[in-house]
Amino acid sequence: MAQTIPAFNCRFTRQVDPQLQCSICYSTMLKPVSLGCGHSGCRECLTELVTKTLMPKCPMCRTELRADSICVNIALDHITSELAVECLSVGCGWKGSYGQAPEHFKTCPKLQVVCNNEECQHKSIREEMPNHIASCSKKKIPCSECHVCVKWELLQKHQAEQCPNAVIQCPLDCGSTIPRSTITLHLHQCPEKVYLCKVPGCKKMMKRKDLTSHIMEAASSHVRGISGGDY
């Protein structure tokens with residue numbers, strides 16, 4: 001059976017010589033490089049081994065490795081890059097060389113892909129994904145008021161409960177509409193806010209809009225309260 005290449009969703013059309021297998025990823029070497037000890041492997045595999053391992057060693061003979069000991073094996077690269085492969089995506093039909101497989105994998109219209117919007121697990125073939133993304137409830141769009149990007153499915157809640165620039169009704173029902181970010185300032189001046197008369201002895205509670213009339217109507221009793229008399 002022809003060897004499959006899961007990383008690029010394709011398979012070789014003919015049996016490949018096992019000697020061309022990378023000793024790290026166990027797939028046919030892609031862009032092979034050789035080490036100072038003479039062994040070879042995929043450029044990506046060996047580069048990662050050398051850069052991410054404290055004391056890297058050849059996976060075949062355990063010889064210590066250095067980054068400057070890696071060099072491209074032109075002869076092997078020519079052999080492996082020209083191996084014939086075919087795409088495994090249903091309905092694709094693409095055929096090409098192993099060296100072309102990574103690029104085809106990035107663009108194959110029939111490949112099953114996952115929506116890239118955060119928390120969305122929708123899957124479809126690549127050529128159909130744009131239709132899903134256009135209406136995906138998880139995609140982020142800018143709020144028309146504050147321009148902060150929020151998920152489409154949460155936009156109404158954001159504008160109703162969180163958006164600082166959204167215009168809302170005064171919670172004291174004074175009839176004013178103000179941006180949510182200025183609501184605290186408005187409440188200090190709202191005519192519907194209830195106050196306790198500040199005149200000593202007067203315990204009258206009234207709305208701000210009634211404060212002036214209360215002071216005028218209760219002027220005499222306020223005087224008695226200040227002088228120590230009864231209301």
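If you're wondering where the values come from, they're calculated on a predicted model, not measured in any experiment.

1. Observations regarding the overall build of the chain
Here is step 1 of the chain: In terms of regular secondary structure, the chain is built from 8 helices and 15 strands.
Here is step 2 of the chain: A globule of 231 residues ought to have a C-alpha radius of gyration of about 17 Å, yet the chain, at 37 Å, is considerably larger.
Here is step 3 of the chain: Put simply, the chain has 231 residues, and 33% of those count as buried.
Here is step 4 of the chain: Put simply, 23% of the contacts in the chain that link residues at least 6 apart link residues at least 24 apart.
Here is step 5 of the chain: Summed over its atoms, the accessible surface of the chain is roughly 15,200 Å², and 54% of this surface lies on carbon and sulfur atoms.
Here is step 6 of the chain: Where the 27 positive side-chain charges of the chain centre and where its 21 negative ones centre are 4 Å apart.

2. What about a nonpolar patch on the surface?
Here is step 1 of the chain: On the surface, Val194, Leu196 and Met205 cluster together to form a nonpolar patch covering roughly 290 Å² of accessible area.
Here is step 2 of the chain: Here Met205 shows up in strand S15 (residues 205-207).

3. Focus: the sheet that holds strand S6 (residues 84-87)
Here is step 1 of the chain: Overall, antiparallel pairing links the 4 strands, which are arranged S1-S2-S6-S7 in an open sheet. For this open sheet the edge positions go to strand S1 (4-5) and strand S7 (95-97), each flanked by a neighbour on one side alone.

4. Here we look at the UniProt feature "zinc finger region: TRAF-type" (unreviewed entry) in the chain
Here is step 1 of the chain: UniProt records the feature "zinc finger region: TRAF-type" (unreviewed entry) for residues 104-156 and 158-211 in the present numbering.
Here is step 2 of the chain: Taken end to end, residues 104-156 comprises 25% helix and 23% strand; its first and last C-alpha atoms sit 40 Å apart.
Here is step 3 of the chain: The distance from the first to the last C-alpha atom of residues 158-211 is 37 Å, and the span holds 22% helix and 22% strand.

5. Focus on the pattern of salt bridges
Here is step 1 of the chain: Under the definition given, this model contains 10 salt bridges.
Here is step 2 of the chain: Between Arg66 and Asp68 there is a salt bridge; the shortest N-O distance is 3.0 Å. Each member of the pair, Arg66 as well as Asp68, is classed as exposed.
Here is step 3 of the chain: In this structure, Glu192 and Lys207 form a salt bridge, with 2.7 Å as the shortest nitrogen-oxygen distance. Of this pair, Glu192 sits in the loop between helix H6 (183-189) and strand S14 (194-196) while Lys207 sits in strand S15, and the two are 15 residues apart along the sequence.
Here is step 4 of the chain: Accessibility expressed as a relative area gives 14% for Glu192, which makes it buried.
Here is step 5 of the chain: Through salt bridges with shared partners, a single network forms among Glu119, Lys138, Lys151 and Glu153.

6. Description of unusual backbone geometry
With glycine set apart, most residues show a phi of negative sign, and most peptide bonds adopt trans.
Here is step 1 of the chain: In this structure, His147 is a non-glycine residue whose phi angle is positive, near 70°.
Here is step 2 of the chain: For His147, the position within the fold is in the loop between strand S10 (140-142) and strand S11 (149-151).
Here is step 3 of the chain: Of note in the backbone geometry, Asp173 takes a positive phi value of approximately 60° without being a glycine.
Here is step 4 of the chain: Following the sequence through the fold, Asp173 ends up in the loop between strand S12 (167-169) and strand S13 (177-179).

Reading guide: rules and limits
Residues numbered from 1 in each chain as written. Predicted model: local features only at pLDDT ≥ 70, side-chain atom pairs only at ≥ 80, totals over all residues. Heavy atoms only, no water. Helix = DSSP H or I, 4+ residues; strand = E, 2+ residues; numbered from the N terminus. Rg over C-alpha atoms; globule rule 2.2 N^0.38 Å. Buried < 20%, exposed > 50% of the residue type's maximum accessible area, 1.4 Å probe, protein only. Contact = heavy atoms within 4.5 Å. Areas by Shrake-Rupley, 256 points an atom, 1.4 Å probe, with all protein chains shown as cover. Lys, Arg positive; Asp, Glu negative; His and termini not counted. Charge placed at Lys NZ, Arg CZ, Asp CG, Glu CD. Patch = residues over 30% accessible without salt bridge, like charges linked within 9 Å, V, L, I, M, F, W, Y side chains within 5 Å. Salt bridge = Lys/Arg side-chain N within 4 Å of Asp/Glu carboxyl O. Pairing = 2+ DSSP bridges. UniProt positions renumbered as here; feature names shortened; annotations may be inferred.

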